[in-house]
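Each chain, written out:
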Amino acid sequence: MVKKVVDISHVVFMELIRTIISTIGVPAAKGSLMRIAINAGEQSEEVEFASFDDFVAAIETLENPIACMEGKAESLGDGLFGLPKCPFASLLSNYTDFYGKAPQGFEAIADEFNKGNPMNKKLRIGSGAGVGPFCVFHQPMRSQAGANIKIGGKKINIFQLGCRTGSGKKAFANEFIEEYGCQYEIVDKALDTYMCCYGVKVLEE
Amino acid sequence: MAKTLKDALTEFLNIDGVNVVAVIGRDGFVIESSSTVKLDTDALGAVVASAIGSSEVMGNNFTLGGLTQYLLEFDNGKVIIAAAGEYILTLITDQNAVIGSVRYAVKKGIAGLVKLL
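Model, not experiment: these values are computed from the prediction.

Peer 1: I'm lost on the interface of chain A and chain B in this one. Help?
Peer 2: When the parts of a complex come together, some accessible area is lost, and that lost area is often used as the size of the interface. Each partner contributes residues to the interface: chain A has 15 residues there, and chain B has 11 residues. Together chain A and chain B conceal approximately 890 Å² of surface at their shared face, both sides included; 66% is due to carbon and sulfur atoms. Along the contact surface separating chain A from chain B lie 1 salt bridge. Ionic pairing is found between D27(B) and K30(A), a salt bridge with its closest N-O pair at 2.7 Å. Where chain A meets chain B, there are 3 residue pairs in polar contact (both at pLDDT 80 or more).

Peer 1: What is the right way to read the environment of G77(A) from this model?
Peer 2: Residues and elements named next belong to chain A. Inspection of the secondary structure assignment puts G77 in strand 2 (residues 74-77). A residue is classified by how much of its surface remains accessible, and G77, at 30% relative accessible area, is partly exposed. Separated by 122 residues in sequence, G77 and G199 place their C-alpha atoms 9.6 Å apart.

Peer 1: Whenever I open this one, the state of the cysteines confuses me. Can you help?
Peer 2: Here, the word disulfide means a covalent bond between the sulfur atoms of two cysteines. Counted according to the given criterion, the structure contains 0 disulfides over all chains. The closest cysteine sulfur to the non-disulfide-bonded C196(A) is located on C163(A), 4.2 Å from its own sulfur.

Peer 1: When you look at the packing of aromatic side chains in this model, what are you seeing that I'm missing?
Peer 2: How two aromatic rings sit relative to each other is given by the distance of their centres and the angle of their planes. All names here are of chain A. Taken as a whole, this structure holds 11 aromatic pairs over all chains when the rule is applied. Ring plane angle 90° and centroid distance 5.6 Å describe the contact between F49 and F55, whose orientation is recorded as edge-to-face. A relative accessible area of 2% places F55 in the buried class. For the ring pair F88 and F137, a centre distance of 6.1 Å and an interplane angle of 75° mean the geometry is edge-to-face. With F88 in the loop between strand 3 (80-83) and helix 5 (89-99) and F137 in helix 8 (residues 135-146), this residue pair connects regions lying 49 residues apart in the sequence.

The rules behind the values
- Residues numbered from 1 in each chain as written.
- Chains lettered and ligands numbered in written order.
- Predicted model: local features only at pLDDT ≥ 70, side-chain atom pairs only at ≥ 80, totals over all residues.
- Heavy atoms only, no water.
- Contact = heavy atoms within 4.5 Å.
- Buried area = accessible area lost by both parts, 1.4 Å probe.
- Salt bridge = Lys/Arg side-chain N within 4 Å of Asp/Glu carboxyl O.
- Polar contact = N/O pair within 3.5 Å; in protein donor to acceptor, adjacent residues only side chain to side chain.
- Helix = DSSP H or I, 4+ residues; strand = E, 2+ residues; numbered from the N terminus.
- Buried < 20%, exposed > 50% of the residue type's maximum accessible area, 1.4 Å probe, protein only.
- Disulfide = S-S within 2.5 Å.
- Phe/Tyr/Trp six-rings, centres within 6.5 Å; stacked < 30°, edge-to-face > 60°.

Below you can see the structure in the form of structure tokens.
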């Protein structure tokens, strides 16, 4: 039987995460992944855009640091964005193709990520909007990268509103949907089409 | 005036030899800390969470029950790590600290600390 061609770096990465979880436990593993992501986000380029339209236009030209990191999101209006493809989608499929089964223990780390805690509140991540282990990395990295961006001379906050798995399971951060000021139904509808939905708000100083 | 978490932690610094005290989440993010020396709280939180996490994995694997306290002795000081409900209390001392006194103070103070969390 010929197995499918896989990217071995993806398989190794997934095994590293699984090993971290099994050796230091779910909470510490979650924290470790978040810290890696936050540190990575801090390294993203500091950029100033003259206007929100310029921020959006820079996504298409990949001059927007967020787009450089996760791919091109689509502007949905009212500061909302939908990401058509999860940048981590191929990792899971490569692992499953190689081992013939899904990795064990990854649901637990997503559940841990969704618990309320001060860091989630500060970065406006998780809190229900995590669907898998890669959300634990992706969401903090995006939020932290947002700290290096200014629009019209003002800082921004990125709100993780919802996420969807490849199999269609949706997850929502109700507290951030409320804080952001949009409707749950809009995020729900966005997730019919997109894997990830987040909001970008310019802070009034 | 009600005691704050910071106040409660600072009281531990009155124990001879205790230089650092911190409350850390199980994920390694520091909730509050107090110290008499310069401290990288991010690094402290990360390593303490990993230490507690791996110890609890060991306890589970050997069916020893939950972790209550953890003592590390180094050439130049000691680290005491104690479970505080969903959080972790950590103290770092110099090499002259009397460990029995520190551990007693931890045991006595933990319940009050958990109420403030």
